Amino acid sequence: MQAIIRIENLSKSYADGFQALKNIDLDVFPGEIFALLGPNGAGKTTLINIVCGIVNPGSGRITVDGHDVVRDFRHTRSMIGLVPQELSTDMFETVWSTVSFSRGLFGYRASPQHIERLLRSLSLWDKKDNKIMTLSGGMKRRVLIAKALAHEPRILFLDEPTAGVDVELRKDMWKIVRDLRESGVTIILTTHYIEEAEQMADRVGVINHGEIIRVQEKHELMRELGRKQLVLHLHEPLARVPASLESFELELAASGARLVYTYETRAARTGITALLTELSEAGIRFHDVDTNESSLEEIFVGLVRQEASPDGRTGAGPTQ
Amino acid sequence: MRLNYHAISAIYRFEMARMRRTLFQSIATPVISTSLYFIVFGSAIGSRIAEIDGVSYGSFIVPGLIMLMLLTESISNASFGIHMPRFTGTIFELLSAPVSFVEVVTGYVGAAATKSMILGAIILATASLFVDISIAHPFWMLLFLVLISVSFSLFGFILGIWADGWEKLQIVPALIITPLAFLGGSFYSISMLPPTWQTVTLFNPVVYLISGFRWSFYENADVSVALSLSMTCIFLFICLVVVWWIFRTGYKLRT
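Here the structure is a predicted model, which means the values were calculated and not measured. (Residues numbered from 1 in each chain as written. Chains lettered and ligands numbered in written order. Predicted model: local features only at pLDDT ≥ 70, side-chain atom pairs only at ≥ 80, totals over all residues. Heavy atoms only, no water.)

## Observations regarding the confidence of the model for chain B
Atomic detail in the predicted coordinates should be set aside for any region of low pLDDT.
Then comes step 1: Overall, the prediction assigns chain B a mean pLDDT of 90, with 99% of residues at 70 or greater.
Then comes step 2: At the level of individual helices and strands, chain B shows its lowest average pLDDT in helix α2 (residues 23-45) of chain B, which scores 80, and its highest in helix α6 (residues 138-162) of chain B, which scores 95. (pLDDT = per-residue confidence, 0-100. Helix = DSSP H or I, 4+ residues; strand = E, 2+ residues; numbered from the N terminus.)

## Quick notes on the sheet that holds strand β11 (residues 227-234) of chain A
All names here are of chain A.
Then comes step 1: Strands sit in the order β12-β13-β11-β14 across an open sheet of four strands; the sheet is antiparallel. The strands lining the two open edges of the sheet, one partner per strand, are β12 (251-253) and β14 (286-293). Strand after strand, the sheet turns through a mean of 25 degrees between neighbouring axes, direction not considered.
Then comes step 2: Sheet contacts for helix α9 (residues 272-282): β11, β13 (258-264) and β14; angle to β11, the most-contacted strand, approximately 20 degrees. (Pairing = 2+ DSSP bridges. Axes fitted to C-alpha atoms, helices over the stretch in contact; angles between N-to-C directions. Contact = heavy atoms within 4.5 Å.)

## So, empty space enclosed by the protein
Then comes step 1: Summed over the entire model, instances satisfying the criterion amount to three cavities of 30 Å³ or more.
Then comes step 2: A volume near 70 Å³ is recorded for the largest cavity.
Then comes step 3: If you list the elements that add at least two residues to the lining of the largest cavity, you get β1 (5-13), β2 (19-28), β3 (33-37) and α1 (44-52) of chain A.
Then comes step 4: Here the element with the most residues in the lining of the largest cavity is α1 of chain A; it accounts for three residues.
Then comes step 5: In terms of lining, the second largest cavity is formed by L82, F106, L144, K147, A148 and H151 of chain A together with F92, E93 and S96 of chain B.
Then comes step 6: Elements with a contribution of two residues or more to the lining of the second largest cavity: α5 (137-149) of chain A together with α4 (91-95) of chain B.
Then comes step 7: For the lining of the second largest cavity, the residue count by class is five nonpolar, two polar and two charged. (1 Å grid on protein atoms, 1.4 Å probe; cavity = no way out; pocket = protein on both sides within 12 Å on 5 of 7 lines; lining within 4 Å. Points joined across faces, edges and corners; volume = space filled by probe spheres on them. Nonpolar A, V, L, I, M, F, W, Y, C, P; charged D, E, K, R; others polar.)

## A look at the pattern of salt bridges
It is possible for side chains of opposite charge to pair when their charged atoms get near one another.
All names here are of chain A.
Then comes step 1: Tallying each qualifying case throughout the model produces 18 salt bridges over all chains.
Then comes step 2: In this structure, the salt-bridge partner of R6 is D27, at a minimum N-O distance of 2.9 Å. In this pair, R6 sits in strand β1 while D27 sits in strand β2, placing the two residues 21 residues apart along the sequence.
Then comes step 3: Look at R6 and you get partly exposed, because its relative accessible area is 32%.
Then comes step 4: Its salt-bridge partner being R154, residue D65 comes within 3.7 Å of it at the nearest N-O pair. Pair noted here: D65 is in the loop between β4 (59-64) and β5 (67-68) and R154 is in the loop between α5 and β7 (155-159), with a separation of 89 residues, a long-range link.
Then comes step 5: We classify D65 as partly exposed; its relative accessible area is 31%. (Salt bridge = Lys/Arg side-chain N within 4 Å of Asp/Glu carboxyl O. Buried < 20%, exposed > 50% of the residue type's maximum accessible area, 1.4 Å probe, protein only.)

## Overview of the interface of chain A and chain B
Then comes step 1: The interface of chain A with chain B comprises 29 residues on the first partner and 28 residues on the second.
Then comes step 2: Each partner contributes to the roughly 2600 Å² buried at the junction of chain A and chain B, and carbon and sulfur atoms together form 59% of this total.
Then comes step 3: The three residues of chain A that bury the most area against chain B are R74, F101 and L105 of chain A, which together make up 29% of that side's buried surface.
Then comes step 4: Taken together, the connections running from chain A to chain B amount to three salt bridges.
Then comes step 5: In this structure, R74 of chain A and E103 of chain B form a salt bridge, with 2.6 Å as the shortest nitrogen-oxygen distance.
Then comes step 6: At the junction of chain A and chain B, the tally comes to eleven residue pairs in polar contact (both at pLDDT 80 or more).
Then comes step 7: Those elements giving two or more residues to the side of chain A that touches chain B turn out to be α2 (73-78), α3 (95-105) and α5 of chain A. (Buried area = accessible area lost by both parts, 1.4 Å probe. Polar contact = N/O pair within 3.5 Å; in protein donor to acceptor, adjacent residues only side chain to side chain.)

## Digging into the nonpolar core
Then comes step 1: The biggest cluster of nonpolar side chains holds 146 residues, and the ones touching the most others in it are F157 of chain A together with F157 of chain B.
Then comes step 2: A total of 14 residues in this core trace back to one element, the largest contributor, which is helix α3 (residues 57-88) of chain B.
Then comes step 3: Setting aside chain neighbours within four positions, we find F157 of chain B in contact with A78, S79, I82, V104, V105, Y108, V109, V243 and F247 of chain B.
Then comes step 4: Counting 13 residues, the second-largest nonpolar core is a separate cluster that includes L230, L238, L245 and Y261 of chain A. (Core = buried A, V, L, I, M, F, W, Y, C linked by side-chain atoms within 4.5 Å.)

Written out as structure tokens, the structure reads:
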């Protein structure tokens, strides 16, 4: 499939010498939800801002729909909508006028029907004549989405769309994003809430220190790097793991009352049967069993730690 | 190059809507201050000053007063227009839109210059309540009005991008433009000055603007009309080059 956004060998350094992006290569495909994850200062917003034209690119090349974002900026920018991280709005304007302004700015003829449909879909219709300064933070976030969608873009960048938004509104936002994807819009999402990416993304990119360290289909990533844990609730707490069970690399938890066995989900043989046999032979009895699976958050933390640690060890195991 | 006319229209209408929202301060303030100038300079002081080149003092100061207001309002409107989105952070939308500097400048500067010209017309109408006014060359008067409004709106636009805060935004009009306008012959003919000061005054660019504009009213000029027009066009050209450079390099706009 032809990428709708292609980033090739992109680097960006600031005047103070800080290198925000290092040789980024990335393809985003039409109709997908791509989540860009990374810790603070990793380069997520710089990358988005370069694609959107807010930050001057350094070296490298970016194309949108096959067009260069610098040379053919009119074509590429008209295809893109951006919801920024900050709640930057024209506070003295009404919802209707600011959304209409955005449509005109992006070169589209006024369309009251489209603006009405948009405001209704974002539950903003009742607020259309309200000044933005009178709206709550969540409503302002919706206004920013409406502004970004006013010119019917094919690509939508959402930079931390649910930052500072309550749980209920966050779920509303997720629904809005899914609906947009259903309508064919390609969505690139940055977020600190890994749960958000886990819920919505088709593919995940992890960026750290200005470098893309992993790009993978979400389920594949979770399958590959995910770990499962078998937790045995013991009848009698153990002081230490018996020597006969050392090969299983078991851990003791809850002051010896639980025995934790971590195994790879992709492995052909998980070793569970052998472990249970050995436990029986060692006379260790248990009264309950739990299993836990790594969340995307744990995988993400593991990837970032792995990149930071000199020996490259990963730590993507599920939390207890 | 295919221009984004919808964007020009959107920016222009957005800026004009701001003027309508602040109608009282946009119009009443300059009208009141101009009326005060007429009372102080025209009536109180003007009654003690003889005619200048056959024009009563009250009538003589009208072009200078319009020019004083035109310069300060053009700068103020345009600088505020572009500085506000930088201050609130909404500039991201302008930078990510499919527009070049041509559309952005036409929208912002066009709106700022329109506001100034509307105010110029209002002040002219206000002045006509106090003194007799005749316009010898209406075409040239309009041309000077448009050129000067656009030039100083461009200058204000540059100022709005350069300034890091509201204080800097006020410094240039208050500490540079107003003194230059006062010392550039708004209220007197430079021929009334001693020869040395006449020479010094010729280094003040505002002299050429006021002189040309006053000539279009009363056919009296301190310097030749061609020189006035040339100076105005040169200033306009310099401002255009600076704005083009700002957008080309992203100075204070794009990191």
